[in-house]
Amino acid sequence: MPAHSILPHHVHDAPGPVPRGAHLPARRTPAGPVPDRSRAAWAVPACVGAVLFLYTVFLSHDNGFSQAGGWLLGLAVAVIATGIGYVLVRERNAVIPEVRALSYGVLAGITIGFLHSVSGGTWLRSLGIGLACGALVGLMSYDIFHWNERSSD
């Protein structure tokens, strides 16, 4: 029996056809990687921003903010988090996994800590919850990014 018949069919040295919908590695130019302009690069941060907007408005109205103040606070949180999230997703091909995971963790930690403070928590408890959430998101992001880079090699 030939040796190649016992190997899995997907192990080969030559490149094969690329299936439809497969994500190809980022194109590189002399200036650096090309930013991601896919639908997910703007749709994911927009959806997360909409959820943050509604949740911030809900929390602010339950904790003594005025009607207009709650809506403005929700709008500010949504615009800032969506803008930063969009930049992180769009430029993800230009950043090493460690910095990318750190930035996702920082964004999540600041957002969750701020939302806890809006809900009426003390600043110290909000800081602790934000740090814990940011550390967990950063570690999970690093594990996912590191695992994806290892599997693509």
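Residues numbered from 1 in each chain as written. Predicted model: local features only at pLDDT ≥ 70, side-chain atom pairs only at ≥ 80, totals over all residues. Heavy atoms only, no water.

Comments concerning the overall build of the protein chain
Within the protein chain, the secondary structure is distributed over four helices and two strands. Counting helices and strands in the order they occur from the N terminus, the protein chain gives β-β-α-α-α-α. Residues classed as buried in the protein chain amount to 27% of the 153 residues present. Residue pairs in contact within the protein chain that sit at least 24 positions apart in sequence constitute 64% of those at least 6 positions apart. Split by element, the accessible area of the protein chain, about 11000 Å² in all, is 69% carbon and sulfur. (Helix = DSSP H or I, 4+ residues; strand = E, 2+ residues; numbered from the N terminus. Buried < 20%, exposed > 50% of the residue type's maximum accessible area, 1.4 Å probe, protein only. Contact = heavy atoms within 4.5 Å. Areas by Shrake-Rupley, 256 points an atom, 1.4 Å probe, with all protein chains shown as cover.)

Some points on the UniProt feature "transmembrane region" (unreviewed entry) in the protein chain
Mapped onto this structure's residue numbering, the UniProt feature "transmembrane region" (unreviewed entry) falls at residues 40-58, 70-89, 101-118 and 124-145. The span residues 101-118 carries 100% helix and 0% strand; its end-to-end C-alpha distance comes to 26 Å. What you have in residues 124-145 is 100% helix and 0% strand, and the ends, taken at the C-alpha atoms, are 31 Å apart. (UniProt positions renumbered as here; feature names shortened; annotations may be inferred.)

Observations concerning the environment of Arg125
Summarising the element assignment, Arg125 is placed in helix α4 (residues 123-152). Arg125 sits 12 residues away from Gly113 along the chain, and the two C-alpha atoms are 8.4 Å apart.

Thoughts on the packing of helix α1 (residues 40-62) against helix α2 (residues 67-90)
Here α1 crosses α2 at 155°, and the two axes come no closer than 8 Å. Classified by the interaxial angle, the pair formed by α1 and α2 is roughly antiparallel. Crossing of α1 against α2: the hand is right-handed. (Axes fitted to C-alpha atoms, helices over the stretch in contact; angles between N-to-C directions. Parallel < 35°, antiparallel > 145°, perpendicular 65-115°, else oblique. Left-handed = near helix turned anticlockwise from the far one by under 90°.)

Some thoughts on helix α3 (residues 97-118)
In this model, α3 (22 residues) spans 31 Å end to end at C-alpha, consistent with the 32 Å of a helix rising 1.5 Å per residue. One or two positions beyond α3, positive phi appears at Gly120, with a value near 110°. (Expected span 1.5 Å × (residues − 1).)

Let's talk about the packing of α2 against α3
Following both chains from N to C, one finds α2 and α3 inclined at 170°, their axes separated by 11 Å at the closest point. Here α2 lies roughly antiparallel to α3, going by the angle between them. In this structure, α2 contributes Leu73, Val77, Ala81, Ile84, Gly85, Leu88 and Val89 to the contact, and α3 contributes Ser103, Tyr104, Leu107, Phe114 and Val118.

Here we look at the pattern of salt bridges
Considering all chains together, one arrives at one salt bridge under this definition. The residue Arg90 makes a salt bridge to Glu91 at a minimum N-O spacing of 3.6 Å. (Salt bridge = Lys/Arg side-chain N within 4 Å of Asp/Glu carboxyl O.)

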